[in-house]
Amino acid sequence: KYEPMQSFTEGRVVKKTLFVTFHQSMSYESFVAGLRPDIDPTTGSIIYKVKKGPFIELAENAAGQDAASLLLIDEINRGNTAEIFGELITVLEVDKRKAEDGAKTELAVEVMLPYPPENGPVTQDGIFVMPFHLYTLASMNSVDRSVAPLDSALRRRFQIIEIGPDIELLKLQVQIVKGFLNVGEHDEWNKISFLACKLLEKINRNIAVFRGTDFRLGHAYFWKVFAPETGTVKSRKQALIAAFREKVIPQLKEMFRDQQELLKTILG
C-alpha cells in the first residue's frame, strides 16, 4: 500500500522540499558536497571551498526538531545514479539511519564524506549520519531505451510504484467540468468526454498487445480536454482534436515507424 506524503510527515512542523532533475552532467560534488571556486574577499584571488549540495541541506533540515525534508527527483535514470549518490546509497535504507527521535542507533551507519563540509547537524569531522525524516521520491520512464536502467543497488532501496494511464481520473473530471459549463452544453460535453476516454482506452489496449503495457499513452495527453480552466465545450473539442493530431499521432508514428499497417490496426 502506498501511503501519501502527509502520513509520512504527520506531526512535522518544519518542512523543506526540493525538486531536482538528474542529467548526464550531474555529479556527486554538485548533489552532495564538493569543491567549488570562490573569490577571496581580501585578496580577490580564486580559492576553493567545500560547499554543501542540496542533499546535505535537506538532511540538515530533516535533522531538526519536528522537521522533515522531501527530495523530488525527475528523470533519475538520466544521470549516473551510482556516481551521484556515492556512498549515500547505503544510508538510503531506513534501518541504517538515526531513529525517529533523532537518537543514534546501533544499526545507524556512519559514512565518511570525501569532501567533508563544516560540522553541522548531520556531519561531524567528515562523518555523515542520515536523519530519519528525509524522504525521496523519484520518477523515471521505464521505456526510455536511450538511457541506462536504474542502478540495481539503488533500485532495491526504493519502493517501486508503477504509475500507468488513469482513465478513471479523466472520468472523475467529467462531473467536475459540468460544474463550469452551462446546462445546455452538458450533452455535447458528455459526447466529447466519452470519445476522449474511449479513444485512449482503445489505443492503449492495442498498444499493450503489440508493444507491451509499458508503452501505453498516459492520460496527460488528453488532460487539457478535462481541465476546468479549458473553458467552453468548443474549446474542449478543439483541445481533443489538437491532442490527437499533435501528440497522439506523432507518438504512434514514432512507436510504429515503418510499420504502417500495424499503425492502422492500432488506430482502428
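Report on the accompanying structure. Keep in mind it's a predicted model, so treat the numbers as computed, not measured. (Residues numbered from 1 in each chain as written. Predicted model: local features only at pLDDT ≥ 70, side-chain atom pairs only at ≥ 80, totals over all residues. Heavy atoms only, no water.)

1. Overview of the overall build of the chain
On a plain count of helices and strands, the chain comes out with 10 helices and eight strands. Its C-alpha radius of gyration of 24 Å places the chain more than 25% over the 18 Å reference for a compact globule of 268 residues. Its C-alpha atoms put the chain at 70 × 45 × 45 Å along the principal axes. Considering only contacts within the chain whose residues lie at least 6 apart along the sequence, 65% involve residues at least 24 apart. If you sum the accessible surface of the chain, you get close to 15700 Å²; carbon and sulfur atoms cover 53% of it. (Helix = DSSP H or I, 4+ residues; strand = E, 2+ residues; numbered from the N terminus. Rg over C-alpha atoms; globule rule 2.2 N^0.38 Å. Contact = heavy atoms within 4.5 Å. Areas by Shrake-Rupley, 256 points an atom, 1.4 Å probe, with all protein chains shown as cover.)

2. Digging into the pattern of salt bridges
Per the counting criterion, the structure on display carries 12 salt bridges. Ionic pairing is found between lysine 52 and glutamate 60, a salt bridge with its closest N-O pair at 3.0 Å. Take glutamate 60: its relative accessible area is 16%, and that puts it in the buried class. Notably, a salt bridge pairs arginine 78 with glutamate 75, separated by 3.3 Å at the nearest N-O pair. (Salt bridge = Lys/Arg side-chain N within 4 Å of Asp/Glu carboxyl O. Buried < 20%, exposed > 50% of the residue type's maximum accessible area, 1.4 Å probe, protein only.)

3. Brief notes about the nonpolar core
Among the nonpolar cores identified, the biggest contains 29 residues, and Phe22, Phe31, Phe55, Phe85 and Phe128 are the most heavily contacted of them. When residues of this core are traced back to their parent elements, those giving at least two are α2 (28–31), α3 (54–62), β4 (67–74) and α4 (81–85). Per-element tally for this core: the top contributor is α3, with five residues. Setting aside chain neighbours within four positions, we find phenylalanine 85 in contact with Phe22, Tyr28, Phe31, Phe55, Ile73, Leu92 and Leu154. In this structure, Val177, Leu200, Met255 and Phe256 belong to the second largest nonpolar core, which totals 27 residues. (Core = buried A, V, L, I, M, F, W, Y, C linked by side-chain atoms within 4.5 Å.)

4. A short note on the environment of lysine 224
By secondary structure assignment, the location of lysine 224 is in helix α8 (residues 223–226). Taking the C-alpha atoms as reference points, lysine 224 and alanine 242, 18 residues apart in sequence, are found 9.9 Å from one another. Ignoring sequence-local partners within four residues, the contact set of lysine 224 consists of Thr230, Arg236 and Ala239.

5. What about helix α6 (residues 167–178)?
Residues spaced three or four apart along an α-helix point in a common direction, a consequence of the helix completing one turn every 3.6 residues. For α6, with 12 residues, the first-to-last C-alpha span of 18 Å sits near the 16 Å given by 1.5 Å per residue. Looking at α6, one finds that the buried residues are Ile167, Leu170, Gln173, Val174, Val177 and Lys178. Each buried residue of α6 lies within a common arc of 130° when the element is viewed along its axis, so the set occupies one face. Facing away from the buried side of α6 by over 90 degrees, the exposed positions are Leu172 and Gln175. (Expected span 1.5 Å × (residues − 1). Arc of directions from axis to C-beta.)

None of the figures reported here should be taken as evidence of function without further support.
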